[in-house]
Amino acid sequence: AITDAPEGYRLIVEPGEYNLSEDATTPATFSVNKEVSIKGLRDGDKPIIKGVFELKDGSNLTIEQCVIDGTGTGTVPLFQFAEKSKSEGITVINCEIKNIEKAFYLADKSETTITAVIIDNCFIHDIKSSGSDFMDGRTVVPSTLTITNTTFWNCASACRNIVRDNKKDPMDVTFDHCTFVNVMTEANSDGKSYPFFNMQCKTGSIKFTNNLMYNSVNTETSSTNHKNTPTPTFDNNVYSEGCKFATWDESGKVLDPQFKDAANGDFTIGNDNVKDKKAGDPRWY
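A quick note: this is a predicted structure, and the numbers were derived from the prediction, not measured.

K.L.:
Would you take a moment to explain the pattern of salt bridges for this structure?
P.N.:
A side chain of one charge can pair with a side chain of the opposite charge when the charged atoms of the two come close. Counted by the stated rule, this structure contains nine salt bridges. For Asp 281, the salt bridge is made with Arg 283, and the minimal N-O distance between the two is 2.5 Å. The exposure class assigned to Asp 281 is buried, which follows from its relative accessible area of 1%. Assessed through its relative accessible area of 35%, Arg 283 is described here as partly exposed. A single network of salt bridges, built from pairs that share partners, joins Asp 133, Asp 136 and Arg 138.

Structure below.
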C-alpha cells in the first residue's frame, strides 16, 4: 500500500498487525521515497507496525496513531536517512514506539539534508540505543528537532547522548512538556556521566521547558562537556533528587512526582505541587 500510494497520500490503517517485510515473518527495513502519511483508524485500538524505516530522496513520512514495534530488527535504527538524499523528515504523532535496539534516528550518510523531525503526544519506551546516540546526527542534522507532550521510559540507558549534531550545521532543538523516566541511567566506562546534548554548533539553539525528569542520575547537559554547545534555555522543569540537570538548571525544582505505578509505566502524578506546575507530559496530570 505504501509503495503504490501516490505522492501526498494518507493511508488509514485498520487495527491489526502489519509486518514491513515481504515474507511477513521477519521484521525488515522499509524504504520511503515520497510524501506519505500513515494513520491508525482508531486511537483505542492502534495498528501495530513491525519493522523500521529508511528515508530516501524525496521522503516526507508522517505516522499517526500507531504502535511501532522494533522487536526482531536487530541493531538497525528506527529511522535511518539514506545517502545523497533530501528528506523533509519525519513526523510522529500519538504513537507508541518500543523495542528498538539502536537509535531512534540515525543520520550518518553523506550528502543528505533533513528539514525537520517532529514528535508529539507519543509514548516511547525500551529504546536501548546500543552503540549509538539516541537521536544521532553525527553526519547530518535536521534543521529543527521538536519534541512535545511525550514520555520517554527506559530509554538510552547507556548511550552517549540523547541528541547529537555534526559540529558544523545549526540545529534548533525543543523539548517541551516531556516526561523522562529511567533515561540515561548508566555511567560510562570511566564512571562519568553522559551528556544529554552533544551539540557543538554554537549557532543552533536548545530549549528545555516544562519537562519532568525522574531517575536520570547520570544525565548532564552538554554545557559541562563541550564549550561550543549552545546554552540551553530552561524554564519550569522538575527533577527528582539526584538528577544532575538540576545542577545546571537554576530555575528548576527538585520534587518527587509520586508516580502512581512507575514500575509498570503509569506515571500519573500524585504530588499536587508538581501538578500545579504542569511540568512533564500532560497525559499524566
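That was the structure; now back to the text.
K.L.:
Please explain the side chain of Ser 216 as it appears in this structure.
P.N.:
Looking at where Ser 216 falls in the secondary structure, it is placed in the loop between β24 (212–214) and β25 (219–220). A distance of 2.9 Å separates a polar side-chain atom of Ser 216 from the backbone oxygen of Val 183. In this view, Ser 216 contacts Phe 180, Asn 182, Val 183, Met 184, Cys 243 and Lys 244; residues no more than four positions away in its chain are not counted.

K.L.:
Any chance you could explain the environment of Asp 126 here in plain terms?
P.N.:
Tracing the chain through its elements places Asp 126 in strand β14 (residues 123–127). In this structure the C-alpha to C-alpha distance between Asp 126 and Cys 178, which are 52 residues apart in sequence, comes to 16 Å. If we skip the residues at most four places from it in the chain, Asp 126 touches Lys 98, Asn 99, Ile 100, Trp 153, Asn 154 and Cys 155.

Cut-off values and rules
Residues numbered from 1 in each chain as written. Predicted model: local features only at pLDDT ≥ 70, side-chain atom pairs only at ≥ 80, totals over all residues. Heavy atoms only, no water. Salt bridge = Lys/Arg side-chain N within 4 Å of Asp/Glu carboxyl O. Buried < 20%, exposed > 50% of the residue type's maximum accessible area, 1.4 Å probe, protein only. Helix = DSSP H or I, 4+ residues; strand = E, 2+ residues; numbered from the N terminus. Polar contact = N/O pair within 3.5 Å; in protein donor to acceptor, adjacent residues only side chain to side chain. Contact = heavy atoms within 4.5 Å.

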